[in-house]
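Results of the structural survey
The lines below spell out each chain.
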Amino acid sequence: MGSKSHELFTRAQQLMPGGVNSPARAFGAVGGEPIVMERAEGSRLIDVDGAEYIDYIGSWGPMILGHGHPHVVEALEAAITKGTSFGAPTEAENQLAELIIDAVPSVEKVRLVNSGTEATMSAIRLARGHTGRDVIVKFAGNYHGHVDSLLVAAGSAAATLGVPDSPGVTAGTTRDTMVLTYNDVDGLARAFADHGDAIAGVILEPVVGNMGTVPGSPEFLRAARELCSQHGAVLIFDEVMTGFRVAHGGAQALFGIMPDLTTLGKIVGGGLPIGAYGGKQEIMDNVLPAGKVFQAGTLSGNPIATAAGIATLTMLRDDPPYERLERTSARLAVGLDEAARTARIPHTVRRVGSMLTLFFHPDPVENWGTASQCDTGLFAKYFWSMLERGVYLPCSQYEAMFVSAAHTDDQISDTIDAARVTFTKYGPK
Ligand code: KE4
């Protein structure tokens, strides 16, 4: 910890709750004090004391091209001279909407918002408005932003109806949220058998990033699709993290399963605040002013954020980095796996494209029940040892690492070397 970082973070704690503007950054799961960053370039973060790190959070997903990509910077410089926000329609919104619709197979119409949370909040409201039903099904270990009705833990085993997971969220808000087990086909089938005519929608991360990287099994994703179709419920893929990450068309393109609605964020804003929700025209045309489902936002689709999103999605379309990301990410995953195995540390590695997680658990992680058994104490030691060696990992066992197009082969090798040293230190003697 450098002295300027400590001084600034001490002051931050007097100004903002916990000194941060999002709890994920507070190092709560690994202990110690967050590091105050000054700037970022490509795949590197540089802190206020001048120390450099290989960056594997990439702003929690958005920075797939790396920080400060010239095309994004140019687009922002051009946009900012015309004004930052008009509160009126602009051509840029058409361009970003077209890039999303052309890329994401199930999306026919899209609404731009300002965050992933706004996207998921709006999508579940739309599912309820479209179907006239109340119940939303979600899965333990899936995170969809801080939407009141999705901040739930599994309720009593039988009903599995949600109970609030945060002070300030009322029982009334979560009463219509059902929490099931991810990758549990039978559990989902039973929920539809018992409550099918009340279920407005099912929301899931097709590849979970928020319990660590856990892909939905083909059987599970297919069952979700079929059961929603049979019972007239809306299938919502929360692709805020996987959209434009695991493939140009997201997880739905990778797995060939088409949801009714898709939520997006992170990469579609190129590092600026943008979320989006989209899907079948017949459903989207329920949204005000085309339809009656209310949703609005002062800065939705603003010229600066859309400029960064357009530049980013245009590059992902015209010069797709996915083959290179597959190579570098696979080498990283194999290297981490071998380093932990050599040190005889119980672990598993899960990876989909350029998002991956090393779990300190001996068995494959398929759901929250297994994920929650990870050795998070060992993860904290791993995190700090890697940080001391210039590798900045996500500060929780339950987050995904992200590899960007800017990560070099040498940086991947350096990361694996740092892991070898770390695991030798912390492995069984
Ligand atoms: P935002 O409101 O943070 O833009 O998006 C919420 C969200 C929705 N859906 C998924 C699948 C997400 O992963 C997220 C946000 N992800 C977290 C990291 N796991 C953001 C980090 C943070 O909260 O600071």
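Bear in mind that the values here come from a model prediction, so they are computed numbers and not experimental data.

**A word on the sheet that holds strand E13 (residues 261-264)**
In spatial order, the strands read E4-E14-E13-E12-E9-E5-E8; together these seven strands make up an open sheet with mixed pairing. A single partner strand is all that each edge strand has here, and the edge strands are strand E4 (109-113) and strand E8 (177-180). Taking the axes of each pair of neighbouring strands and ignoring which way they run, one obtains an average angle of 20° across the sheet. In terms of strand pairing, strand E5 (residues 135-139) meets strand E9 (residues 199-204) through three bridges, oriented parallel. Along E9, the bridge assignment pairs Ile136 with Gly201. Strand contacts of helix H3 (residues 91-103): E4, E13 and strand E14 (275-279), with the helix running at about 125° to E4, the strand carrying the most contacts. Sitting on the sheet, helix H7 (residues 218-231) is in contact with E5, E9 and strand E12 (234-238), with an inclination near 145° to E12.

**A short note on the pairing of E5**
Put simply, side chains in a regular strand alternate between the two faces of the sheet. A large share of E5 lies buried, amounting to five of its five residues. With burial as the criterion, each face of E5 is covered, one bearing Val135, Val137 and Phe139 and the other bearing Ile136 and Lys138.

**A short note on the site of the ligand**
Near the ligand you find 16 residues, and of these Ser22, Thr117, Asn210, Asp238 and Glu399 are the closest. The separation between a nitrogen atom of the ligand and a polar side-chain atom of Asn210 is 2.5 Å. Between the ligand and Glu399 there is a distance of 2.7 Å, counted from a nitrogen atom to a side-chain nitrogen or oxygen. Starting from 530 Å² of accessible surface for the ligand in isolation, the protein chains cover 87%.

**Things to note about helix H6 (residues 185-195)**
Owing to its 3.6 residues per turn, the α-helix brings residues three or four apart onto one side. All buried positions along H6 are accounted for by Gly187, Leu188, Ala191 and Phe192. Buried residues of H6, viewed axially, fall in a sector of 135°; they line one side. Away from its buried face by more than 90 degrees, H6 exposes Asp186, Arg190, Ala193 and Asp194. Residues of H6 that are buried make contact with E5, E8, E9 and H7. Where H6 begins, the capping side chain belongs to Asp184, and its oxygen is found 3.2 Å from the backbone nitrogen of Asp186.

Rules used in this analysis
Residues numbered from 1 in each chain as written. Predicted model: local features only at pLDDT ≥ 70, side-chain atom pairs only at ≥ 80, totals over all residues. Heavy atoms only, no water. Pairing = 2+ DSSP bridges. Helix = DSSP H or I, 4+ residues; strand = E, 2+ residues; numbered from the N terminus. Axes fitted to C-alpha atoms, helices over the stretch in contact; angles between N-to-C directions. Contact = heavy atoms within 4.5 Å. Buried < 20%, exposed > 50% of the residue type's maximum accessible area, 1.4 Å probe, protein only. Near = heavy atom within 4 Å. Polar contact = N/O pair within 3.5 Å; in protein donor to acceptor, adjacent residues only side chain to side chain. Areas by Shrake-Rupley, 256 points an atom, 1.4 Å probe, with all protein chains shown as cover. Arc of directions from axis to C-beta.

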